[in-house]
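Secondary and tertiary structure notes
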Amino acid sequence: MTAQVSPVTGAVSAYARLVKYRFVLDFLLCLIVGWTALEVSSRLTGDTLLTLLFFALGEIGVLSAVMALDDVTGIEDGSDDANYLGTDQTALRPVKRKPLLTGELTVQQARRFGYLALAWGAAWWALAIAYTPHESLWVIVVTVLLLVLSVQYSWGLKLSYYGLGEAVLLYSASAFVLAPYGLVTGELTTLILVEALLFGFGQLLIAGYSNTNDISGDAAVGRRTVAVLTSPLGNRVFLGALTTANLLVVVVPVLAGLLPWWWLLVLAPFMAVRLLQYGAFLRNGDPLIARGRGITAFRTVVACMIVFNLLHLGLW
């Protein structure tokens, strides 16, 4: 006998899947990266913790809006139907993660939720900016651009439909590390810039393989990702270039004398996973398996950066 699910539980589950809660949790790791990159003396001060709390509450809202409005666009233009229902389903990408496709939520409900989540996020980030004693102009610009651009990927200006999706994603994911650190310190250090870029490439190299899987559906609705715009060979070259750039972000600061040599030692597990991701994709051509390895690579680089920060700057 199938267990009965209460309406409240069902609604909570549907909205959690609408916002891709695991995706939101992964992005919240940016706060741990930034927090461990702080000087030990400032990590547990009231100003630091309150600023990061304000940013975290806003981040949950902004990310929820991004994912909800992305699904609204996907259902309205038919791309989600083509990419999820129009292909053989696998456990790597179950249709259950799309509650608009399953009928658990309506487009109106998702759109309203997205607008409310965006307003929630904007309010908390405005409070974070107002509260922080470090009112550096660059921090305000980064945070405002993050708020504005992140939801424009597939909603609003729909920048991914004009060939700008990859740039928006790299900026947004990197800014999720830069903004809270900048709000707390007012500074932009080499370490936090490098770690922000690694965070950004981590998300970009998940999306790149997702876009490879979605070529036919995206092309049908006019979404101009690199995977759509190039040939299969061109897309493999692009993914290889991103992989190379990602690894160079790790190596170049050491060669330039900006980070200690043992940074490479700590980041070695990540580099191995990243190379495995691309090498295996070249062999088997399966973008969803590569996407899964991309998630592993992202979580690995976050763990490596946290370990480095704690060793480099001290535990307590």
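Residues numbered from 1 in each chain as written. Predicted model: local features only at pLDDT ≥ 70, side-chain atom pairs only at ≥ 80, totals over all residues. Heavy atoms only, no water.

Examining the layout of surface pockets
In this structure, the largest pocket occupies an estimated 1200 Å³ of space. Taken together, 43 residues make up the lining of the largest pocket; nearest its centre are Lys20, Phe23, Met67, Arg97 and Arg291. Every element with two or more residues in the lining of the largest pocket is listed here: α2 (21-36), α3 (46-77), α4 (79-85), α8 (165-185), α9 (190-213) and α14 (287-313). No other element matches the 6 residues that α3 contributes to the lining of the largest pocket. Across the lining of the largest pocket, the residue classes tally to 18 nonpolar, 9 polar and 16 charged. (1 Å grid on protein atoms, 1.4 Å probe; cavity = no way out; pocket = protein on both sides within 12 Å on 5 of 7 lines; lining within 4 Å. Points joined across faces, edges and corners; volume = space filled by probe spheres on them. Helix = DSSP H or I, 4+ residues; strand = E, 2+ residues; numbered from the N terminus. Nonpolar A, V, L, I, M, F, W, Y, C, P; charged D, E, K, R; others polar.)

Remarks on the packing of aromatic side chains
Counted by the stated rule, this structure contains 14 aromatic pairs. Ring geometry for Trp263 and Phe308: centres 4.9 Å apart, planes at 85°, overall edge-to-face. Taken together, the residues span a long stretch of sequence, with Trp263 in helix α13 (residues 262-284) and Phe308 in helix α14 at a distance of 45 residues. A relative accessible area of 0% places Trp263 in the buried class. Look at Phe308 and you get buried, because its relative accessible area is 0%. Members of the aromatic cluster, each reached through a chain of ring pairs, are Phe23, Phe27, Phe55, Trp125, Phe176, Phe199 and Phe298. Above the ring of Trp35, the side-chain terminus of Arg43 is found at 5.7 Å from the ring centroid. The positively charged end of Lys158 is found above the aromatic ring belonging to Tyr161, 5.6 Å away from the centroid. (Phe/Tyr/Trp six-rings, centres within 6.5 Å; stacked < 30°, edge-to-face > 60°. Buried < 20%, exposed > 50% of the residue type's maximum accessible area, 1.4 Å probe, protein only. Lys NZ or Arg CZ within 6 Å of the ring centre and 35° of its normal.)

Brief notes about the nonpolar core
Burial of nonpolar side chains together is a common tendency in soluble globular proteins. In this structure, Phe176, Leu198, Trp263 and Leu267 are the most contacted members of the largest nonpolar core, which totals 74 residues. It is α9 that contributes the most residues to this core, 12 residues altogether. Setting aside chain neighbours within four positions, we find Phe176 in contact with Phe27, Cys30, Phe55, Glu59, Val62, Leu63, Trp125 and Leu146. One finds Ala14, Ala68, Leu100 and Ala110 within the second-largest nonpolar core, a separate group that totals 7 residues. (Core = buried A, V, L, I, M, F, W, Y, C linked by side-chain atoms within 4.5 Å. Contact = heavy atoms within 4.5 Å.)

Overview of the packing of α9 against helix α12 (residues 232-255)
Across the interface, α9 lies against α12 with an axial gap of 10 Å and an inter-helix angle of 165°. One element, α9, and the other, α12, form an angle in the roughly antiparallel class. Note on packing geometry: the crossing formed by α9 with α12 is left-handed. Contacts from Val194, Leu197, Leu198, Phe201, Leu204, Leu205, Gly208, Tyr209 and Thr212 of α9 reach α12 at Asn235, Leu239, Leu242, Thr243, Ala245, Asn246, Val249, Val250 and Pro253. (Axes fitted to C-alpha atoms, helices over the stretch in contact; angles between N-to-C directions. Parallel < 35°, antiparallel > 145°, perpendicular 65-115°, else oblique. Left-handed = near helix turned anticlockwise from the far one by under 90°.)

What about the side chain of Glu59?
By the secondary structure assignment, Glu59 is in helix α3. Non-local contacts of Glu59, meaning those with residues more than four positions away in its chain, are made with Phe27, Leu28, Cys30, Leu31, Trp125 and Phe176.

Some thoughts on a nonpolar patch on the surface
On the surface, a nonpolar cluster with roughly 500 Å² of combined accessible area is contributed by Leu44, Leu49, Leu315 and Trp316. Of note, Trp316 is situated in the segment after α14. (Patch = residues over 30% accessible without salt bridge, like charges linked within 9 Å, V, L, I, M, F, W, Y side chains within 5 Å. Areas by Shrake-Rupley, 256 points an atom, 1.4 Å probe, with all protein chains shown as cover. Salt bridge = Lys/Arg side-chain N within 4 Å of Asp/Glu carboxyl O.)

Structural notes on the pattern of salt bridges
Pairing between side chains becomes possible if they bear opposite charge and their charged atoms approach one another. For the structure shown, the criterion picks out 6 salt bridges. Here Asp71 and Lys98 are joined by a salt bridge, their closest N and O atoms 2.6 Å apart. Of this pair, Asp71 sits in helix α3 while Lys98 is found in the loop between α4 and α5 (99-102), placing the two residues 27 residues apart along the sequence. Residue class for Lys98 comes out buried when judged on its relative accessible area of 5%. Two residues, Glu76 and Arg111, come together in a salt bridge whose shortest N-O distance is 2.3 Å. Residue Glu76 is found in helix α3, and its partner Arg111 is found in helix α6 (residues 107-131); the two are separated by 35 residues along the sequence. In this structure Arg111 comes out as partly exposed when scored by relative accessible area, which is 26%. Linked by salt bridges that have partners in common, Lys20, Asp71 and Lys98 make up one network.

Topic: unusual backbone geometry
With a phi angle near 55°, Lys20 is a residue other than glycine that sits in the positive phi range. Within the secondary structure layout, Lys20 lies in the loop between α1 (7-18) and α2. The class of Lys20 is buried, set by a relative accessible area of 14%. Look at Lys158: it is not a glycine, yet its phi comes out positive at around 50°.

A few points about the confidence of the model for the protein
Here the protein averages 92 in pLDDT, while 96% of its residues score no lower than 70. Within the protein, the lowest mean pLDDT, 73, falls on α4, and the highest, 98, falls on α12. (pLDDT = per-residue confidence, 0-100.)

Regarding α8
Structurally, the α-helix is built with 3.6 residues per turn, so residues lying three or four positions apart point the same way. With 21 residues, α8 extends 30 Å from end C-alpha to end C-alpha; this agrees with the ideal 30 Å at 1.5 Å per step. The sharpest bend along α8 comes to roughly 35°, located at Ala175. Within α8, 18 of the 21 residues are buried, which leaves it mostly tucked inside the rest of the structure. Within two residues after α8, Gly186 carries a phi angle of roughly 75°, on the positive side. (Expected span 1.5 Å × (residues − 1). Bend = angle between axes of the 7 residues up to and from the residue.)

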